[in-house]
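Observations on chain architecture
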Amino acid sequence: MTLELEEIRGQESALDTTDRVQIAGTALEELLVSAKKQDYLTVGVYESAKVMNVDADNVAFCVLATDEEYECDIALQIHFTLIQAFCFDNDINVVRVNDIERLADLVGTDETGEPKDAHCILVTSPGAESWKDPALDKLHLFCEESRSVYDWVPTITLPER
């Protein structure tokens, strides 16, 4: 069996894409853990919208999450569309994650012990401190590379536990 050059290139790019998504998933997990420790997370659709409205300059990254249960939630999809548009207008990178339970585990619970609404998570970066995280740099690069192939809101898979 012989492989044509185009087939080999297609296999290489598929592997590259899988590796990039895995690296991005690990970077996202690291970023969320680090940002949570430093209290740089805003969790929840409404909470995120408030932060974006008041302090968009300090938003460093946006994560939108859903799963099969919420795919048909029209109100949530409208919120996602508005959040994405706001992020695009303000040069904020956005990714999607299809494992909302895993994200909820990463961001923790609210004061009543209930899981937080992990449909939208913002990583904020107070301007005075100019917080930098290597995982954030990796994710910015991932988003930039995704946009170069017209994937405006790439989907990331978090590493399994």
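Each remark here, short or long, concerns the structure printed above.
Before going into details, it helps to say that this report is about the structure given with it. (Residues numbered from 1 in each chain as written. Predicted model: local features only at pLDDT ≥ 70, side-chain atom pairs only at ≥ 80, totals over all residues. Heavy atoms only, no water.)

1. What about the overall build of the protein chain?
For the protein chain, the helix and strand inventory stands at 5 helices and 5 strands. Taken from the N to the C terminus, the helices and strands of the protein chain come in the order α-β-α-β-α-β-α-β-α-β. Sequence separation of at least 24 residues holds for 79% of the intrachain contacts in the protein chain that already meet a minimum separation of 6. (Helix = DSSP H or I, 4+ residues; strand = E, 2+ residues; numbered from the N terminus. Contact = heavy atoms within 4.5 Å.)

2. Some remarks on the pairing of strand β3 (residues 94-97)
Burial along β3 is two-sided: V94 and R96 facing one way and V95 and V97 facing the other are all buried. Viewed along the sheet, the connection from strand β2 (residues 59-65) through helix α3 (residues 74-89) into β3 turns out right-handed. Where β3 meets strand β5 (residues 155-156), 2 bridges bridge the pair, whose relative direction is parallel. Its bridge partner lying in β5, V97 is registered against I156. (Buried < 20%, exposed > 50% of the residue type's maximum accessible area, 1.4 Å probe, protein only. Right-handed = clockwise from strand over helix to strand, strands pointing away. Pairing = 2+ DSSP bridges.)

3. Overview of the sheet that holds β2
As a general point, the strands of a sheet are linked pairwise by backbone hydrogen bonds and lie either parallel or antiparallel. Read across the open sheet, the 5 strands follow the order β1-β4-β2-β3-β5; overall the sheet is mixed. Where the open sheet ends on each side, the last strands, each with one partner, are β1 (41-43) and β5. Across 5 bridges, β2 lies against strand β4 (residues 120-124) in antiparallel orientation. Along β4, the bridge assignment pairs F61 with V123. Across the sheet, helix α2 (residues 45-55) lies against β1, β2 and β4, angled at about 40° from β4, the strand it touches most. Along the sheet, helix α4 (residues 100-107) makes contact with β1, β2, β3 and β4, crossing β2 at roughly 140°. (Axes fitted to C-alpha atoms, helices over the stretch in contact; angles between N-to-C directions.)

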